[in-house]
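# Structural description and commentary
Chain by chain, the residues:
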Amino acid sequence: MVDYHASNNQALYSAGGQQTYMEQENDWDRDLLLDPAWEKQQRKTFTAWCNSHLRKAGTQIENIEEDFRDGLKLMLLLEVISGERLPKPERGKMRVHKINNVNKALDFIASKGVKLVSIGAEEIVDGNAKMTLGMIWTIILRFAIQDISVEETSAKEGLLLWCQRKTAPYKNVNVQNFHISWKDGLAFNALIHRHRPELIDYDKLRKDDPVTNLNNAFEVAERYLDIPKMLDAEDIVGTLRPDEKAIMTYVSCFYHAFSGAQKAETAANRICKVLAVNQENEHLMEDYEKLASDLLEWIRRTIPWLENRAPEKTMTEMQQKLEDFRDYRRVHKPPKVQEKCQLEINFNTLQTKLRLSNRPAFMPSEGRMVSDINGAWHKLEGAEKGYEEWLLNEIRRLERLDHLAEKFRQKAAIHESWTDGKEAMLTQKDYETASLSEIKALLKKHEAFESDLAAHQDRVEQIAAIAQELNELDYYDSQSVNARCQKICEQWDVLGSLTQSRRESLERTEKQLESIDELYLEYAKRAAPFNNWMEGAMEDLQDMFIVHNIEEIQGLITAHDQFKSTLPEANKEREAIQAIQAEVQKIAQYNGIKLAGNNPYTSITPQSIDKKWEKVQQLVPQRDQALQEELARQQSNDHLRRQFANQANMIGPWIQNKMEEIGRISIEMNGTLEDQLTHLRQYEQSIIEYKPKIDQLEGDHQLIQEALIFDNKYTAYTMEHLRVGWEQLLTTIARTINEIENQILTRDAKGISQEQLHEYRTSFNHFDKDHSGVLQAEEFKACLISLGYDVENDKQGDAEFARIMGIVDPNNSGAVTFQAFIDFMSRETTDTDTADQVIASFKILAGDKNYITAEELRRELPPDQAEYCIARMAPYSGPDAVPGALDYMSFSTALYGESDL
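No experiment lies behind these values; they were computed from the predicted model shown. (Residues numbered from 1 in each chain as written. Predicted model: local features only at pLDDT ≥ 70, side-chain atom pairs only at ≥ 80, totals over all residues. Heavy atoms only, no water.)

## Comments concerning the overall build of the protein
Within the protein one finds 34 helices and seven strands. Relative to the globule expectation of 29 Å for 901 residues, the C-alpha radius of gyration of the protein, 55 Å, shows a markedly less compact shape. Over its C-alpha atoms, taken along the principal directions, the protein stretches across nearly 190 × 60 × 60 Å. Every one of the 901 residues in the protein was classed for burial, and the buried ones make up 47%. In the protein, of all internal contacts separated by at least 6 residues, the share reaching a separation of at least 24 is 74%. Carbon together with sulfur atoms contributes 49% to the accessible area of the protein, which is approximately 45,100 Å² in total. Here the protein carries 107 positive and 149 negative side-chain charges, and the mean point of each set is 3 Å from the other. (Helix = DSSP H or I, 4+ residues; strand = E, 2+ residues; numbered from the N terminus. Rg over C-alpha atoms; globule rule 2.2 N^0.38 Å. Buried < 20%, exposed > 50% of the residue type's maximum accessible area, 1.4 Å probe, protein only. Contact = heavy atoms within 4.5 Å. Areas by Shrake-Rupley, 256 points an atom, 1.4 Å probe, with all protein chains shown as cover. Lys, Arg positive; Asp, Glu negative; His and termini not counted. Charge placed at Lys NZ, Arg CZ, Asp CG, Glu CD.)

Given below as structure tokens:
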């Protein structure tokens, strides 16, 4: 007789052509066949296994080698375990009928891909125990063990790995095989406790009491798990090495009994994975929303401050506003620029993760889109620029106002000093008692006064014009200026009226008075304009001036030099006037005339002329010094302009050059993505190291502003232009680095090789004709055609191209970025979780129900993810709903954006 066990080592092959573990039996297994204990264990185990299936058909066997001899129960067993119909058996009692029935069973086994060697129908019909047991073992392997698959292992190895995984947490259990590892009974109890902990108190079991352990496991399995008792505890404990096939058969029943729990565990793992991704994405969305809200709130609070145009009254208050604005530029705004850049980076990273996990794109809440933030930022910068211009204009206005106000006060003081006592002089009645000569003198004096009055008309008009300009420039103390100006004008009108009245009075008495001293008259006529000229000169020499460049101060110096050149002629006139007065004194002394008093025609005395002349002589060098000091200040300002311009003319082109280099790098990158990322970060570091030059330029700019310099003819660059360029440079390099990081993330998540990425970049760059970093629609279509996509210009091709554009350009911008291009190329070949898969997983956990309960979720999922589902699942409202039923279908579709959560 052929030894069944030796031949059966080559008996079983899977349908795919893979040989099972049976060719790997060791020599100890063959020797064990000589021990009758193996046959006893197999007979008992196989009989129980067959009866566990035959009872479904309402029958069973008592003797395994006798009851299968006619082939009828053997065919029935195969129909039960396979679920298929076998050919109709022959009901005859003759040997040939039995052989034919057994052959039908063996043919069916062979049709399932099992190669039977040395097992014939005759041996089964003759009641050969070893052949019968071998045949049953072949059936068990094919229908109970072969289809077991655990973590890419199958059959015996898969079953062993399943046992190891399930019993790993239990003490005193170390499953390494299907014989010795099961002798103490702890492994059987561990399998039951792992899946049904309420059935066994595992902590009370002792390793030194194997019989009790085995009987406990076998009785519990038979009572609660519908697994018939296939072995006796004494059979296992009483042999040196339990039969492997018997143990495998018994353990396979446990596997199938708990396979539903295994599916539930797999489904729970899938759900946990999906929920973990969703929770992480929600956390990123919440972070984005908070950061966007904070940034928008800061912009909302800052813009009204920048738009506030309430002017201050004094230069000091406006200077403080300018200092506050500088603090905003240096301290408050730079961190917000970084937050804005980080916000864009976080948004791009989140969108990439959502694409990689097959989730819909993140749509921030209304008003918090990146475009909304950019719009608010643009409005902020517009307000910022307008605010700075307003500040500078206000400072210029206040400077002009201060100058005009001082000028008004000086001229008003001079005029008020001149008019002091004039009303009293014009209203006196001295002519009533005067002699003819005195009257004539009074008349001439009055004519001189009228001349002086006419000369002061220009000053009064200047005072009124300055007051008008102060009003137009909204001077804060315009009320007092207007009151003073009104008083001067009213007084001037009164003086005009009084002057006219006095002239009329003097002319009425002129006929009575004839004596006029011609010499006094000449003195008066020449002294008055000269005195007025000196007063005007003193006023001009003390006049405040304001200039903004060297040319203007040089113009003032030239005018002053011209004034100084007239001083010799003026001195001659002074000497001539003084000579007239000297001649009067000479004539009076010569003729013995006692002069009644001062010149009757004028109040201007020689002493006052000399005093004013000395004052003019003192003011000239003071004016020289003031002009030279202002010249030095303007020269210093010019130096500051040149200093700033030299740096700005170097930094401006440098920033432009770096922007162009980044553009080229983003298109022409070589090496791996990690190399490109390292190169870009080094490039970013080199840019950051340039920051001290920007800070130095900021310092030069601050010196210019402190010096109130408002123009610079040596450069076309402004500090604002350079700040914007610097911020754009930092943002561009950060955005380029983020694109490479997202490409690495896409590559790792989708399993894209470096060569594929290189091919994608080569194809992308080839069709990016203008090197803009994006593909226009026609360029992208040409690229797809080169890759083999049927998007030619026909109805079907246009529809396909429109579908693809909807994927890579959801915003309808008309352009495709490289990130969108590689996302599209990778998703064409990569499988990801779908809503249907998640629904199927939930259905397994729910036991094929259309709803699931909170209790089931808490039992199958980790606590945090179970509570996450419970909080978000809507109540189930189907016809089969029960209290507490939850709708897992709408929840699963919401995870993938197919409906609102």
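## Quick notes on the pattern of salt bridges
Opposite charge on two side chains makes pairing possible when the charged atoms of those side chains draw close. For the coordinates displayed, the defined rule picks out 56 salt bridges. Across the salt bridge formed by Arg 95 and Asp 126, the nearest N and O atoms sit 2.6 Å from each other. Of the two residues, Arg 95 is situated in helix α6 (residues 95–111) and Asp 126 in the loop between α7 (121–125) and α8 (129–145); the sequence distance between them amounts to 31 residues. According to the relative accessible area criterion, Asp 126 is partly exposed, its value standing at 44%. In this structure, Asp 232 and Lys 229 form a salt bridge, with 3.9 Å as the shortest nitrogen-oxygen distance. Lys 229 sits in the partly exposed class, given a relative accessible area of 30%. Each of Lys 40, Lys 44, Lys 229, Asp 232 and Asp 235 takes part in a single network of salt bridges with overlapping partners. (Salt bridge = Lys/Arg side-chain N within 4 Å of Asp/Glu carboxyl O.)

## Concerning the packing of helix α9 (residues 155–167) against helix α10 (residues 186–195)
Packing of α9 against α10 brings their axes to within 9 Å, and their N-to-C directions diverge by 70 degrees. One element, α9, and the other, α10, form an angle in the roughly perpendicular class. Crossing of α9 against α10: the hand is left-handed. Where α9 approaches α10, its residues Trp 162, Cys 163, Arg 165, Lys 166 and Thr 167 are matched on the opposing element by Ala 187, Ala 190, Leu 191, Arg 194 and His 195. Per-class residue counts for the contact of α9 with α10 are five nonpolar, two polar and three charged. (Axes fitted to C-alpha atoms, helices over the stretch in contact; angles between N-to-C directions. Parallel < 35°, antiparallel > 145°, perpendicular 65-115°, else oblique. Left-handed = near helix turned anticlockwise from the far one by under 90°. Nonpolar A, V, L, I, M, F, W, Y, C, P; charged D, E, K, R; others polar.)

## Side note on the UniProt feature "domain: EF-hand" (unreviewed entry) in the protein
Those residues carrying the UniProt feature "domain: EF-hand" (unreviewed entry) are residues 755–790 and 796–831 in this numbering. Here residues 755–790 runs as 64% helix and 8% strand, with 24 Å between its end C-alpha atoms. (UniProt positions renumbered as here; feature names shortened; annotations may be inferred.)

## Describing the UniProt feature "domain: Calponin-homology (CH)" (unreviewed entry) in the protein
Per the UniProt record, "domain: Calponin-homology (CH)" (unreviewed entry) is found at residues 40–144 and 153–259. Secondary structure across residues 40–144 divides into 65% helix and 0% strand, with the first and last C-alpha atoms of the span separated by 21 Å.

## A look at the packing of aromatic side chains
Taken as a whole, this structure holds 22 aromatic pairs when the rule is applied. Aromatic side chains Phe 46 and Trp 137 sit 6.0 Å apart centroid to centroid with 10 degrees between the ring planes, which places their arrangement in the stacked category. One end of the pair, Phe 46, is in helix α3 (residues 36–54); the other, Trp 137, is in helix α8, and 91 residues separate them in sequence. Just as Phe 46 is buried, Trp 137 falls in that class too. With a centroid separation of 5.8 Å and an interplanar angle of 25 degrees, the aromatic rings of Phe 842 and Tyr 888 are classed as stacked. Residue Phe 842 is found in helix α31 (residues 835–845), and its partner Tyr 888 is found in helix α34 (residues 888–895); the two are separated by 46 residues along the sequence. (Phe/Tyr/Trp six-rings, centres within 6.5 Å; stacked < 30°, edge-to-face > 60°.)

## Some words on the side chain of Lys 112
Following the sequence through the fold, Lys 112 ends up in the loop between α6 and α7. Judged by relative accessible area, Lys 112 falls into the buried class, the value being 18%. In this structure, Lys 112 is in contact with Glu 84, Arg 142 and Phe 143, ignoring residues within four places of it in sequence.

## A short note on the confidence of the model for the protein
When pLDDT is averaged across the protein, the result is 80; 90% of the residues are at 70 or more. In the predicted structure, residues 1–34 sits below a pLDDT of 50 and forms 72 contacts with residues beyond four places in sequence or in another chain. pLDDT under 50 marks residues 512–516. Its contacts with residues more than four places away, or in other chains, come to 20 contacts. (pLDDT = per-residue confidence, 0-100.)

## Notes on the state of the cysteines
Per the counting criterion, the structure on display carries zero disulfides. Counting only cysteine sulfurs, Cys 253 is the nearest neighbor of Cys 163, a cysteine outside any disulfide, at a range of 12 Å. Judged by its relative accessible area of 0%, Cys 163 is buried. Just so you know, Cys 253 is unpaired, no disulfide at all, and the nearest cysteine sulfur is the one on Cys 50, 10 Å from it. For Cys 253, a relative accessible area of 13% puts it in the buried group. (Disulfide = S-S within 2.5 Å.)

## Comments concerning the sheet that holds strand β7 (residues 885–887)
As summarised here, the arrangement of the three strands in space is β5-β7-β6, forming an open sheet in which the pairing is antiparallel. If you trace the sheet from one side to the other, it starts and ends with β5 (852–853) and β6 (874–875), each paired once. Along the sheet face, α34 touches β5 and β7 and points at about 30 degrees away from the line of β7. (Pairing = 2+ DSSP bridges.)

## Some thoughts on the nonpolar core
Core analysis: the biggest nonpolar cluster contains 80 residues, and Trp 49, Ile 136, Ile 139, Trp 182, Phe 188 and Phe 254 have the highest contact counts within it. Per-element tally for this core: the top contributor is α8, with eleven residues. Contact partners of Ile 136, with chain neighbours within four places excluded, come to Phe 46, Cys 50, Ile 64, Phe 68 and Leu 77. Counting residues in hydrophobic clusters, the runner-up holds 49 residues, among them Leu 640, Ile 665, Ala 707 and Phe 801. (Core = buried A, V, L, I, M, F, W, Y, C linked by side-chain atoms within 4.5 Å.)

## Focus on helix α13 (residues 244–257)
Across its 14 residues, α13 extends 20 Å between first and last C-alpha, which sits within 8% of the 20 Å expected from 1.5 Å per residue. Those residues of α13 lying buried are Glu 244, Lys 245, Ala 246, Ile 247, Met 248, Thr 249, Tyr 250, Val 251, Ser 252, Cys 253, Phe 254 and Tyr 255. For α13, the N-terminal cap is Asp 243; the gap from its side-chain oxygen to the backbone nitrogen of Lys 245 is 3.2 Å. (Expected span 1.5 Å × (residues − 1). Polar contact = N/O pair within 3.5 Å; in protein donor to acceptor, adjacent residues only side chain to side chain.)

## So, the side chain of Thr 249
Mapped onto the fold, Thr 249 is located in helix α13. Thr 249 sits in the buried class, given a relative accessible area of 0%. Aside from chain neighbours lying at most four places away, what touches Thr 249 is Thr 45, Phe 46, Trp 49, Trp 137, Ile 140 and Met 230.

## Observations regarding unusual backbone geometry
With a phi close to 60 degrees, Leu 708 is a non-glycine residue in the positive phi region. Positioned with a positive phi, Asp 848 is a non-glycine residue whose angle comes to about 70 degrees. With respect to the helices, strands and loops of the structure, Asp 848 is situated in the loop between α31 and β5.

## Thoughts on the packing of helix α5 (residues 72–82) against α6
Between α5 and α6, the shortest axis-to-axis distance is 8 Å and the interhelical angle comes to 25 degrees. By the angle between their axes, α5 is roughly parallel relative to α6. The way α5 lies across α6 gives a crossing that is left-handed. The segment α5 lies against α6, with Leu 72, Leu 74, Met 75, Leu 78 and Ser 82 engaging Asn 101, Val 102, Lys 104, Ala 105, Phe 108 and Ile 109. Grouping the amino acids of the contact of α5 with α6 by side-chain chemistry returns eight nonpolar, two polar and one charged.

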